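Reading the structure
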Amino acid sequence: MARNKYDVDEVLEDKFDVNQLKRLLAYLIPYRKRFVSVGFMMLSASAFTMLIPQFFQKVMDVCIPNKDMKGIAFYSFLTLLAAFYSAFSLRYKIKYTNQIGQQIIHDMRYDIFEHLQELPFSYYDDRPHGKIQVRVVNYVNSISDLLSNGILNTITDLCNLVFIIVFMLILNVRLTLVCLCGLPILAIVIVVIKKKQRTAWQVQSNKQSNLNAYIAESINGIRVTQSFVREDVNSGIFNNLSGSYRKSWMRAVMFNFTMGPSIDIISIITTAAIYVLGVSWMINGETGITVGVLVAFTAYIGRFWAPINTLAGFYNSLLTAISYLERIFETIDEPVVVKDREDAVEMPPIHGDVAFDHVTFSYEPGVPILKDVSFHANQGQSFAVVGPTGAGKTTLVNLLSRFYNVDSGRILIDGIDIAGVTIRSLRKQMGVMMQDSFIFSGTIMDNIRYGNFSATDEEVIRAAKTVCAHDFIMEMENGYQTQVNERGSRLSAGQRQLISFARALLADPKILILDEATSSIDTETEIILQKGLNELLKGRTSFIIAHRLSTIKNSSCIMYVDKGTILEKGTHDELMAQKGEYYKLYMSQYASLM
Ligand SMILES: Nc1ncnc2c1ncn2[C@@H]1O[C@H](COP(=O)(O)OP(=O)(O)OP(=O)(O)O)[C@@H](O)[C@H]1O
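Along each chain, residue indices are assigned from 1 in the same order as the chain's sequence is written. Restriction of local features to residues with pLDDT of at least 70 applies here, the model being predicted, together with a cutoff of 80 or more for giving and counting side-chain atom pairs; totals for whole chains, interfaces and linings are based on all residues. With hydrogens and water excluded, all non-hydrogen atoms of the structure serve as input to the side-chain values.

Below, the discussion takes up the site of the ligand. Here, proximity means that at least one heavy atom of the residue falls within 4 Å of the molecule or strand. The immediate surroundings of the ligand are formed by 14 residues, with Asp 125, Lys 393, Thr 394, Thr 395 and Gln 435 found nearest. Where accessible areas are quoted, they stem from the Shrake-Rupley method and a 1.4 Å probe; at the residue level, only the protein chains shown are allowed to cover. Look at the ligand: alone it shows 630 Å² of surface, and the protein chains cover 69% of it. Among the elements that make up the shell around the ligand, the one with the highest residue count is helix α12 (residues 393–400) (three residues). For the shell around the ligand, the residue count by class is four nonpolar, seven polar and three charged. Put simply, DSSP marks the helices as runs of H or I at least four residues long and the strands as runs of E at least two long, and each gets a number from the N terminus on. Classes in brief: Ala, Val, Leu, Ile, Met, Phe, Trp, Tyr, Cys and Pro nonpolar; Asp, Glu, Lys and Arg charged; the others, Gly included, polar.

Here's what the structure looks like:
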């Protein structure tokens, strides 16, 4: 998908791809035994109940004329038995189809979620997150019923249909042919509406996706919305999106509802024809048509159209489901563009020597963000990256963890090209604190431990103390066990930064990346933090992005980046002496204090 927004529909697949159905059926394979057992129960029950009209016929044509009470009792008993067996198998079916359905939902969601975890940043950069959520939650839900109940009902209904046709043929061939005349008419109805119906469901799934994307975006941006009093405008946008969704839904179900009444009309016409023709043939004394045969036959006609109605319903839900399946499999098939090469090796324990060798990178083809960047950081050096907004600083450090693939050039750690090592072994040895200090729901302890799951409580606390987070954490009602919300809405921006700082440290990485780590921290805390940090950075190679230049003054090397190239490089004193861009930036911040 190209860059997408909440009000931009995703591209519709033109053709119905049967492979998607095959892939869907593959989800059933692990549960095939249970599935077959339910199918067997349903089929045996329906075969048994199909005999009921035959029992009626025997009672009417044989037992009643012969006043055979034993025969009547016998057939009544068989009818009762068939009814009980059918009720029992129905209960069995409901229980296990639900179980299988839920299991399949779980499996499919797991596959999507697992894949989503592997997809690179670029995937998330390009689409609203609400559109991803709707696939994992709503779309998967919508197809589970089709997989469990739908397929079973279809199989049993198809078999029912065969049973019924066989029994009808046994009763009377000519009447059966009259009944079957209705099927070609139904086929015409299906062919006429099929394409429109499919498109209508695809449009509906797009509109649902758009609506979801907007809801997710609005919730995330609620603070900005309220600050700028945009509630009315947003409600208007929501109203439009919701209105389009409603319209698309109504149009799609309208096609579905065309089927039921069409089948009813065809069924009424054929039944009427059978009454008229059957009775006239009986009056004319044609052989093989008795009152019993007519009663039994009309009982079968009722049953003949019921499975066709269910099959039509299945066909409807199949078309609905296909539009969801396209999106689900599209997500599962989304290529993981940042992945291990086939010959990738484990990254050996990192010492911390880092080199960029003529690195060029672009997010979008033809728009390079980093242009032929080269530099070398020795083990243990602290490298500061400064420069104007949008210069490419974050991009540069993101490449070090291989969050994106470079277009050309190499990034070497300890002389090893990181393109040739496994991503896992590389990232496990890096400590990254991103600009967006994300906090997960859970305790503060859990949030810091995110950096290293095997860390003890003491290690977590030590990391928090190093970054001066310990005091504010201890002031919270349950200290490290205090629950925080997703995104850390209970915490101040500075507190969130300190927690993610501690998280980055906990992995004891040889390379530490701090992207605006202290931008929201007050100057007093920052001064204390700086002391701890200086201690901590010893022996580690660090890349620090900072707008506040006081924090990076003592770095081994400062790189001034602008428009994707390194314009200046050196120590603070060297760059100040150069009186170039860094000098100007520094003076703009601190001239009044000098
Ligand atoms: N995911 C993305 N897709 C496309 N372009 C992007 C993406 N992320 C960043 N950019 C563009 O790349 C350029 C560099 O962005 P980057 O975030 O690296 O800048 P920065 O120097 O870290 O800025 P800041 O100081 O504001 O954080 C910007 O022009 C930005 O618009």
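Right, picking up where we left off after that structure.
Moving on, we come to the domain arrangement of the protein chain. For every domain, the bounds stem from an assignment made automatically or drawn from a database. Per the domain assignment, the segments making up the protein chain are domain 1 (18–333) and domain 2 (339–429 + 552–594). Here the C-alpha centroids of domain 1 and domain 2 sit 58 Å apart.

The rule for a salt bridge is simple: a side-chain nitrogen of Lys or Arg has to be within 4 Å of a carboxyl oxygen of Asp or Glu. Considering all chains together, one arrives at nine salt bridges under this definition. Between Glu 326 and Arg 198 there is a salt bridge whose closest N-O contact spans 3.1 Å. Taken together, the residues Glu 326 in helix α11 (residues 291–333) and Arg 198 in helix α8 (residues 182–220) connect sequence positions 128 residues apart. Owing to a relative accessible area of 7%, Arg 198 belongs among the buried residues under this scheme. Residue Asp 343 pairs with Arg 341 through a salt bridge whose shortest N-O separation is 3.1 Å. Think of it in three bands: with a 1.4 Å probe and only protein chains considered, a residue is buried below 20% of the maximum accessible area for its type, exposed above 50%, and partly exposed in between. Judged by relative accessible area, which is 52%, Asp 343 ranks as exposed. It is possible to trace a salt-bridge network through shared partners that takes in Arg 135, Arg 327 and Glu 330.

With that out of the way, let us pick up empty space enclosed by the protein. The probe, sized like a water molecule, is rolled over the atoms to show the empty space still left. A pocket here means an open set of points on a 1 Å grid, computed over the protein atoms alone, that has protein on both sides within 12 Å along at least five of seven lines. A cavity is instead a set of points where a 1.4 Å probe fits but cannot get out; residues with an atom within 4 Å of a point line either one. Grid points are joined across faces, edges and corners, and a volume is the space filled by probe spheres set on the points. For the structure shown, the criterion picks out one cavity of 30 Å³ or more. Roughly 60 Å³ of volume is contained in the largest cavity. If you go around the largest cavity, the residues you meet are Leu 514, Glu 516, Ala 517, Thr 518, Gln 530, Leu 533, Ile 544, Ile 545, Ala 546 and Thr 551. At the level of elements, α18 (523–537) and β10 (541–545) are the ones that each hand at least two residues to the lining of the largest cavity. A breakdown of the residues in the lining of the largest cavity according to their chemical character gives six nonpolar, three polar and one charged.

A strand pair is defined by DSSP finding two or more bridges across the two strands. Pairing within the open sheet is mixed, and its six strands lie in the order β6-β9-β10-β3-β11-β12. At either margin of the open sheet sits one strand with a lone partner, and together these are β6 (430–433) and β12 (565–570). Neighbour-to-neighbour, the strand axes of the sheet open up by a mean angle of 15°, direction not taken into account. Sheet topology note: the β6/strand β9 (residues 511–515) ladder contains four bridges and is parallel. The partner of Gly 431 across the bridge, within β9, is Leu 512. In what follows, a contact means two residues having at least one pair of non-hydrogen atoms within 4.5 Å. Note on geometry: axes are C-alpha line fits, over the in-contact stretch for helices, and angles between N-to-C directions span 0 to 180 degrees. Lying on the sheet, helix α20 (residues 581–590) is in contact with β3 (382–386), β11 (557–562) and β12; it crosses β11 at an angle near 95°.

Here the focus is the packing of aromatic side chains. Each pair of aromatic rings taken from Phe, Tyr and Trp, with Trp reduced to its six-membered ring, is defined by centres within 6.5 Å and is described as stacked if the planes are under 30 degrees apart, edge-to-face if over 60, and tilted in the remaining cases. In this structure the tally under the stated criterion is 22 aromatic pairs. Each ring, one from Tyr 139 and one from Tyr 324, has its centre 4.6 Å from the other, and the planes form 25°; the classification is stacked. Of the two residues, Tyr 139 sits in helix α6 (residues 129–171) while Tyr 324 sits in helix α11, which places them 185 residues apart along the sequence. Each member of the pair, Tyr 139 as well as Tyr 324, is classed as buried. Seen from their ring centres, Phe 304 and Trp 305 are 5.0 Å apart, and the 90° between their planes marks the pair as edge-to-face. Comparing Phe 304 with Trp 305 shows no difference in burial state: the two are buried. Through pairs of rings, three or more aromatic residues link up here, namely Phe 121, Phe 361, Tyr 363, Phe 403 and Tyr 404.

Attention shifts here to unusual backbone geometry. Even without a glycine there, the phi angle at His 358 is positive, about 50°. Looking at where His 358 falls in the secondary structure, it is placed in strand β1 (residues 354–364). One non-glycine residue with positive phi stands out, namely Asp 414, at about 50°. A relative accessible area of 24% places Asp 414 in the partly exposed class.

The next thing to look at is the packing of helix α2 (residues 32–50) against helix α4 (residues 69–118). Put simply, α2 and α4 touch, their axes get as near as 9 Å, and they point 155° apart. By the criterion of interaxial angle, the relationship of α2 to α4 is roughly antiparallel. Note on packing geometry: the crossing formed by α2 with α4 is left-handed. Any angle between 65 and 115 degrees counts as roughly perpendicular, while under 35 counts as roughly parallel, over 145 as roughly antiparallel, and the rest as oblique. Here a crossing is called left-handed whenever its near helix is offset anticlockwise from the far helix by less than a right angle, and right-handed whenever the offset is clockwise.

What follows is about the UniProt feature "transmembrane region" (unreviewed entry) in the protein chain. UniProt positions are given in the numbering used here, feature names are shortened, and annotations may be inferred rather than shown by experiment. The positions UniProt marks with the feature "transmembrane region" (unreviewed entry) are residues 35–52, 72–90, 151–169, 175–193, 253–277 and 289–306. The straight-line gap between the two end C-alpha atoms of residues 72–90 is 27 Å; of that span, 100% is helix and 0% is strand. Across residues 289–306, helical content stands at 89% and strand content at 0%; the span's end C-alpha atoms are separated by 24 Å.

The side chains of a regular strand alternate, residue by residue, between the two faces of the sheet. Extensive coverage of β9 is indicated by the burial of five of its five residues. Across the two faces of β9 the burial is the same, with Ile 511, Ile 513 and Asp 515 and Leu 512 and Leu 514 all buried. In terms of strand pairing, β9 meets β10 through five bridges, oriented parallel. Looking across to β10, one finds that Ile 513 is bridged to Phe 543.

This part takes up helix α7 (residues 173–180). What α7 keeps buried is the set Leu 175, Thr 176, Val 178 and Cys 179. Buried residues of α7, viewed axially, fall in a sector of 155°; they line one side. Pairs of N or O atoms are called polar contacts if they sit within 3.5 Å, as long as, within protein, a hydrogen donor faces a hydrogen acceptor (for residues adjacent in sequence, only side-chain-to-side-chain pairs). Between a side-chain oxygen at the N-terminus of α7 and the backbone nitrogen of Arg 174 the separation is 3.0 Å; the capping residue is Asn 172. Along the arc lie the directions from the helix axis toward the C-beta atoms.

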